Amino acid sequence: FCATASAQFVNSNSSQRTSHASYDVESVFNTFDLTYSPLTLKSSEDGDAETQDFNAISLNWNQARLLTSNLPIYLTYGAGLQYAWKTDSENEDNYSYRNTISFLTIKVPVNVMYNFNIPNTSVNLMPYVGLNLQGHILGQNKYSYEYDGETESESYSFFSKDDMGEDDVFNRIVLGWQIGAKVSFNKYFFGVAYQGPVTNLYKEDDFKINYSQVNVSLGIMF
């Protein structure tokens with residue numbers, strides 16, 4: 001998830017509201033959501049590409065501020081914490097194998113969003129587009145296997161020079177872009193977005209690694 005914000009249809013008791021056509025919107029509001037994200041890690045070189053599919057979940061907070069009194073256009077910004085993982089395992093007779101790749105990431109999105117009210121309803125459609133700064137706290141690969149009663153395990157960090165070598169360390173800070181929309185009803189919302197890369201998680205000559213994801217969110221506005 002990309003952490004993003006949304007707009008709210010406001011009732012007549014709101015103390016901070018601006019009139020736009022036949023409906024009112026809040027000048028400033030916050031959102032909190034839980035997001036599930038199918039994530040694709042892509043490595044490519046000279047036109048050849050390989051992909052790995054991950055699962056990711058995130059918790060996100062955002063604030064939206066009205067940019068103009070003439071149109072319901074918002075600047076939204078916030079922060080989110082995302083955990084992404086992929087596990088491969090195999091069990092066969094006297095042999096077992098398990099490999100887990102995981103990332104823990106802080107995301108800071110900045111979007112421009114439009115709030116469109118469906119006439120005579122409390123339903124709002126909120127398309128948005130923006131950028132997402134991502135800082136990776138952890139990124140590691142854990143591997144273990146057992147064969148004939150003997151076990152071996154290993155763990156290494158993608159961001160450690162000791163583990164990866166001087167030239168093969170991944171970038172902790174990357175930039176992404178996103179586009180999406182949310183639908184709100186009263187104080188609740190549902191959202192779908194796509195997030196793609198601007199900079200690479202790793203790049204060496206023609207070889208690069210980056211990731212994209214689809215964000216499906218459920219949240220509340222306050």
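In this report, the structure presented in the accompanying data block is examined. (Residues numbered from 1 in each chain as written. Predicted model: local features only at pLDDT ≥ 70, side-chain atom pairs only at ≥ 80, totals over all residues. Heavy atoms only, no water.)

Let us now look at the overall build of the protein chain. In terms of regular secondary structure, the protein chain is built from 1 helix and 13 strands. Walking the protein chain from its N terminus toward its C terminus, one meets helices and strands in the order β-β-β-β-β-β-β-β-β-α-β-β-β-β. Going through the 222 residues of the protein chain one by one, you find that 42% of them count as buried. Sequence separation of 24 or more characterises 64% of the internal contacts of the protein chain that already satisfy a separation of 6 or more. (Helix = DSSP H or I, 4+ residues; strand = E, 2+ residues; numbered from the N terminus. Buried < 20%, exposed > 50% of the residue type's maximum accessible area, 1.4 Å probe, protein only. Contact = heavy atoms within 4.5 Å.)

Applying the stated criterion to the full structure yields 13 aromatic pairs. Summarising the aromatic geometry, the rings of F29 and Y74 are spaced 5.3 Å apart at their centres and angled 70° between planes, so their arrangement reads as edge-to-face. Of this pair, F29 sits in strand β3 (residues 28-45) while Y74 sits in strand β5 (residues 73-92), and the two are 45 residues apart along the sequence. Relative to Y194, the ring of W177 lies with its centre 5.6 Å away and its plane at 55°, an arrangement referred to as tilted. With a gap of 17 residues between them, W177 in strand β10 (residues 173-185) and Y194 in strand β11 (residues 188-197) connect regions that are remote in the sequence. (Phe/Tyr/Trp six-rings, centres within 6.5 Å; stacked < 30°, edge-to-face > 60°.)

A cluster of nonpolar residues, V129, L131, W177, I179, F190, V192, Y194, V198, V214, V216 and L218, forms a patch on the protein surface that exposes about 930 Å² of accessible area. Mapped onto the nonpolar patch, the elements with two or more residues apiece are β8 (123-147), β10, β11 and β13 (207-221). Among the residues examined, Y194 registers a relative accessible area of 36% and is labelled partly exposed. (Patch = residues over 30% accessible without salt bridge, like charges linked within 9 Å, V, L, I, M, F, W, Y side chains within 5 Å. Areas by Shrake-Rupley, 256 points an atom, 1.4 Å probe, with all protein chains shown as cover. Salt bridge = Lys/Arg side-chain N within 4 Å of Asp/Glu carboxyl O.)

Right, let's get into the side chain of N141. Looking at where N141 falls in the secondary structure, it is placed in strand β8. Of the polar contacts made by the side chain of N141, one reaches the side chain of N99; its length is 3.4 Å. The residues contacting N141, other than those within four sequence positions of it, are N99, T100, I101, E154, S155, Y156 and F158. (Polar contact = N/O pair within 3.5 Å; in protein donor to acceptor, adjacent residues only side chain to side chain.)

This part is about unusual backbone geometry. Notably, D46 is not glycine yet its phi reads approximately 50°, a positive angle. You can see D46 is positioned in the loop between β3 and β4 (48-66). One non-glycine residue, D205, lies in the positive phi region at around 55°. Along the chain, D205 turns up in the loop between β12 (202-204) and β13.

Burial of β10 is one-sided: the residues V174, G176, Q178, G180, K182 and S184 facing one way are buried, the residues I173, L175, W177, I179, A181, V183 and F185 facing the other way are not. Taken together, the 13 bridges between β8 and β10 define a ladder with antiparallel strand orientation. Looking across to β10, one finds that L133 is bridged to L175. Relative to β11, β10 runs antiparallel, the two being bridged by 10 bridges. (Pairing = 2+ DSSP bridges.)

This part takes up the environment of K187. Following the sequence through the fold, K187 ends up in the loop between β10 and β11. In this structure the C-alpha to C-alpha distance between K187 and G219, which are 32 residues apart in sequence, comes to 8.6 Å.

A few words on the pairing of β5. As defined by bridge partners, β4 adjoins β5 across 12 bridges and the pair is classed as antiparallel. Each residue of the ladder has a partner; that of A64, found in β5, is T76. Once β5 ends, the chain turns through 2 residues before running back antiparallel as strand β6 (residues 95-114), passing D93 with a positive phi of about 50°.

Turning our attention to a negative patch on the surface. Residues E45, D46, D48, E50, D167, D168, E204, D205 and D206 make up a contiguous surface patch of negative charge. As for its placement among the helices and strands, D168 is situated in the loop between α1 (161-164) and β10. Residue classification places D168 among the partly exposed positions, given a relative accessible area of 34%. (Lys, Arg positive; Asp, Glu negative; His and termini not counted. Charge placed at Lys NZ, Arg CZ, Asp CG, Glu CD.)

On to the nonpolar core. Soluble, globular proteins show a tendency: their nonpolar side chains are buried together. The biggest cluster of nonpolar side chains holds 16 residues, and the ones touching the most others in it are F103, F170 and L201. Of all the secondary structure elements, the ones that give two or more residues to this core are β3, β4, β6 and β13. Not counting the four nearest positions on each side in its chain, F170 is found in contact with F158, F159, M164, L201, Y202 and I209. Counting 9 residues, the second-largest nonpolar core is a separate cluster that includes A64, L66, M126 and A193. (Core = buried A, V, L, I, M, F, W, Y, C linked by side-chain atoms within 4.5 Å.)

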